[in-house]
Amino acid sequence: MEDFERLLNESSGEIIEISTSRPDAKLPEWRSDVPAIIPVMPLRGVVLFPGTVAPLTVERTASRKLLDDLLPQGRLLGLATQKDADLDVPGAGDLYEIGVLGNILRMVRQSDEKTLVLIQIVERIRLTEFVESKPYLKARFEILENKFPKKGDRWEATLRNLRESAQNFINLNPNIPDEAHQALASIDSPSILTDFLATNLSLDLVQKQRLLEEVDVKKRAEKVQATLNSQLHIAELQQKLRADVEDEFSDAQRRAYLREQIRAIQRELGEGEGAEEQVDDLRERLEAVGLPADVKKQTDRELKRLEVIPPASPEHSVITGYLETVAELPWNKMSEDHYDLALAREILDRDHFGLEKVKRRLLEYLAVRKLNPGGRGPILCLLGPPGVGKTSLGRSIADALGREFARISVGGIRDEAEIRGHRRTYIGAMPGRLIQEIRRAGTRNPVIMLDEVDKIGADFRGDPASALLEVLDPRQNDSFIDRYLDVPFDLSQVIFIATANTIHPAPAPLRDRMEVIEIPGYTTEEKLQIGKRYLVKRQLEENGLKARHARWGTPALLKIIEDYTREAGVRNLEREIGSVCRAVAAKVALDDSVRIEITPDYVEEVLGPPRFAREAKMFSSRPGVVNGLAYTPVGGEVLNIEAIRYPGKGHIKLTGQIGEVMKESMEAAWSLVRERAASLGIDPKNFESYDVHVHVPAGAVPKDGPSAGCAMYTALASLFSNRRVNKEVAMTGEINLRGSVLPIGGLKEKALGALQAGIRTILVPTMNMKDVPEIPASARKKLKFLPMENVDEVLKAALLKG
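All figures in this text were calculated on a predicted structure; none of them were measured in a lab. (Residues numbered from 1 in each chain as written. Predicted model: local features only at pLDDT ≥ 70, side-chain atom pairs only at ≥ 80, totals over all residues. Heavy atoms only, no water.)

A.B. asks: Just checking my understanding: could you explain the overall build of the protein for this structure?
C.D. replies: Looking only at helices and strands, one finds 29 helices and 25 strands in the protein. Across the 802 residues of the protein, 48% fall into the buried class. The contacts in the protein between residues at least 6 apart in sequence include a share of 74% that link residues at least 24 apart. (Helix = DSSP H or I, 4+ residues; strand = E, 2+ residues; numbered from the N terminus. Buried < 20%, exposed > 50% of the residue type's maximum accessible area, 1.4 Å probe, protein only. Contact = heavy atoms within 4.5 Å.)

A.B. asks: Please clarify how the packing of helix α20 (residues 554-563) against helix α22 (residues 600-607) should be interpreted in this entry.
C.D. replies: Two quantities define a packed helix pair, namely the angle between the axes and the distance from one axis to the other. Packing of α20 against α22 leaves a shortest axis separation of 8 Å and a crossing angle of 40 degrees. Taken together, the axes of α20 and α22 lie oblique to each other. Counted together, P555, A556, K559 and I560 of α20 and P600, V603, E604 and L607 of α22 form the full contact between these two elements. Among the residues making up the contact of α20 with α22, the classes are represented as six nonpolar, no polar and two charged. (Axes fitted to C-alpha atoms, helices over the stretch in contact; angles between N-to-C directions. Parallel < 35°, antiparallel > 145°, perpendicular 65-115°, else oblique. Nonpolar A, V, L, I, M, F, W, Y, C, P; charged D, E, K, R; others polar.)

A.B. asks: Whenever I open this one, the side chain of N627 confuses me. Can you help?
C.D. replies: The topology assignment puts N627 in strand β17 (residues 625-632). Within the local environment of N627, its side chain forms a polar contact with the backbone oxygen of V729, the two atoms lying 3.3 Å apart. (Polar contact = N/O pair within 3.5 Å; in protein donor to acceptor, adjacent residues only side chain to side chain.)

A.B. asks: What's the story with helix α23 (residues 660-675) in this structure? I'm lost.
C.D. replies: Side chains that are three or four residues apart share a direction in an α-helix, a result of its 3.6 residues per turn. The terminal C-alpha atoms of α23, which comprises 16 residues, lie 23 Å apart, in line with the 22 Å expected from a rise of 1.5 Å per residue. Of all the positions in α23, only M662, S665, M666, A668, A669, W670, L672 and V673 are classed as buried. (Expected span 1.5 Å × (residues − 1).)

A.B. asks: Hey, could you run me through empty space enclosed by the protein in this one?
C.D. replies: With the rule as written, the count across this model stands at one cavity of 30 Å³ or more. Taken as a whole, the largest cavity holds about 40 Å³ of empty space. What lines the largest cavity is simply R283, L286, E287, L291, K296, T299, D300 and L303. Sorting the residues of the lining of the largest cavity by element identifies α9 (275-288) and α10 (293-308) as the ones contributing at least two each. With four residues, α10 is the single largest residue contributor to the lining of the largest cavity. Residues belonging to the lining of the largest cavity are distributed by class as follows: three nonpolar, one polar and four charged. (1 Å grid on protein atoms, 1.4 Å probe; cavity = no way out; pocket = protein on both sides within 12 Å on 5 of 7 lines; lining within 4 Å. Points joined across faces, edges and corners; volume = space filled by probe spheres on them.)

A.B. asks: For this particular structure, what's the right way to read the pairing of strand β2 (residues 37-43)?
C.D. replies: As a general feature of sheets, a regular strand has side chains that alternate between the two faces. Judged by how many residues are buried, β2 sits mostly within the fold: six of seven residues are covered. Here four bridges tie β2 to strand β7 (residues 137-144), and the two strands are oriented antiparallel to one another. Pairing of I38 across the sheet is with A139, part of β7. Two elements, β2 and strand β4 (residues 76-81), share four bridges in a ladder whose sense is parallel. Residue pairing in the sheet places L43 in a bridge with T81 of β4. (Pairing = 2+ DSSP bridges.)

A.B. asks: Looking at this model, I keep getting lost on the packing of aromatic side chains. Mind explaining?
C.D. replies: How two aromatic rings sit relative to each other is given by the distance of their centres and the angle of their planes. Using the criterion set out here, one finds five aromatic pairs in the structure. Ring geometry for F687 against F720: centres 4.8 Å apart, planes inclined by 45 degrees, an arrangement best described as tilted. A residue pair is termed long-range when its members are at least 10 positions apart, and F687 in helix α25 (residues 685-689) and F720 in helix α26 (residues 709-721) qualify at 33 residues. Counting every residue linked through ring pairs, the aromatic cluster contains W670, F687 and F720. One cation-aromatic arrangement involves R645 over Y690; the distance from NZ or CZ to the ring centre is 4.5 Å. (Phe/Tyr/Trp six-rings, centres within 6.5 Å; stacked < 30°, edge-to-face > 60°. Lys NZ or Arg CZ within 6 Å of the ring centre and 35° of its normal.)

A.B. asks: Just checking my understanding: could you explain the sheet that holds strand β13 (residues 495-500) for this structure?
C.D. replies: For sheets, the rule is that strands pair by backbone hydrogen bonds, running either parallel or antiparallel. Read across the sheet, five strands follow the order β9-β10-β13-β8-β14 without closing on themselves; strand pairing throughout is parallel. Taken across any chain shown, the strands that pair with only one partner, and hence form the sheet edges, are β9 (405-409) and β14 (515-518). Going across the sheet, the axis of each strand differs from the next one's by a mean of 20 degrees, ignoring polarity. Pairing geometry for strand β8 (residues 379-383) and β13, over five bridges, is parallel. Each residue of the ladder has a partner; that of C381, found in β13, is A498.

What follows is the structure, given as structure tokens:
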């Protein structure tokens, strides 16, 4: 009131005098003049109680309009608190239903945008119906009558206790002025007493609104008493704390004292923001996850430490972060596996074409898991060249099993802590990648893909590959200890799938722990099917095209596969398909009616001249030229081995970027031809009077390996015996100095490369005939495989008579 009077005296604005014949709450006759509809002014962040006089600052346009229309003719208005204080223009639904009836005593207009008003709060009211919302709210209302209990000793004792508690609270609070004693003593009405205390107690908006809505005076008094007791207890604690630290204390002690005060206040109010509430919250979360006994013992010890460490201490945040990590880990939560083998097969076939070995192995795992649910997860390593779908296969495996999927790229990591985590003694310590991914997955049996394990490094910070030995051992990883957690975590239910381009860089102990499944490069037929089923559809969608805009034919896809890509996978194939689709999109953007048939000619028009040319079979049968077979990361190819002789001194020259192993195969073939000169009908003097040049095109492509031994022997033997080599025959096989033909690898890819070059007869080592069934049936029908035990059988099958 004094502040309001001071503002009135200091203000130079217009003062509107209001009739002093205002309603008197003590006389019931005034209610006969109350209108049926009153204007309603929303209140922001404040609840007013009957029996009080409240100064208000009015700044909102609608509220100022309300006052201008109401005065000086009327004085009564409704006051209701907003549910959301941030609303600038609240509607009828944004106000609490229970408010108060106010009587305007005085008003001063400080400026066009700010008005001060003094309002006497008369009664509780209920806003029953809003009849207008513009330019301000108007509503029908009813006055809520207080319900008083029957007079008696108990009720009298309740009022005395309430009044004494209020007096004690005033005495304990040095910030409350002495006039409060007089104001409290002058109140006789129980209703006004409760409303007066509710106005002056430290309560939040919702609590005050509940007190306003309570018309039962006894219940209202009990609620005020309970709140008063709580705040009285806090005031007593504050007085006790002040008494305990009245002696001289340092600045640090003063801060500790203030923290203790805050903690006590928060504890009494139940706000849950103090250190104790944080500890209780962590304890509840840790109890809920069902920790193992040894882990629970560790967390209980950390919780006890957390209770005594000040929140400002750095150790407090370290322990809190540790306990939150433990609480977020899925110690007992597991995904339920899908044991429907038919559905799993359908999902694997949906996402990937071919890869039968991998699919069969996964289905075998599912079958075993169905029969033995407690079995351990396998450790698989998908080995193959880039772009064959190793990484994407991991997600499909997770979908087929119904598990969460997490991918960890370990290529290039050199710090062992990436796997095992950092000790908590270090600033910024965190768990290893495994524990982090399991926490994100939310289950302890996800499918985790360790990508590029062949590219793990090592330096002075440790060897991550060695750290993986424990992780990838099914008999040890049930008690994996991350250095950050420092407690065992069970990884035995996790399915680990590693990927690698080549297995040799990985340490032998690591290789021993993984079941390696080789994924060879896709054949031309497989690439064609992948292009039709997946890549074309995806690129049409990504480029905003419909199937009607671009019709892809098989010849066009084959054109791209054979002439514009040279890869084991299909990444470049998809990239080139995307280039063609973009060219179509450029035309469709100009005219949506465009329909383009994708033909080999259109592909060449968009992509330019062919970038790659495959080696073909020999054009004619002649001595010294043989169709060899090579296995490259991008598939099998025909390798034309050419040998010529010219007068010289018996020297041999090798060209074509031949590696050391291939050079040794050449030397073995040269020695074997010289040793068998008599049986081959060769004059031994020719070896001394001629030089030999062996070339393996293409010269820019590096080549190595022992599997060209048969072809080199055949080329030299035919050259010196002057017998032609059959151009319709290709061969592969390693030889030794006894003339035996030894097994080789990559027969499937080599056979498909020969078929693509137009060759139908292939000479293979006898021990490789077991690999023939792995070749697609469509290719086996067109090829003839001749098993070879020794080089004599090779010459018999390869050299033409005459």
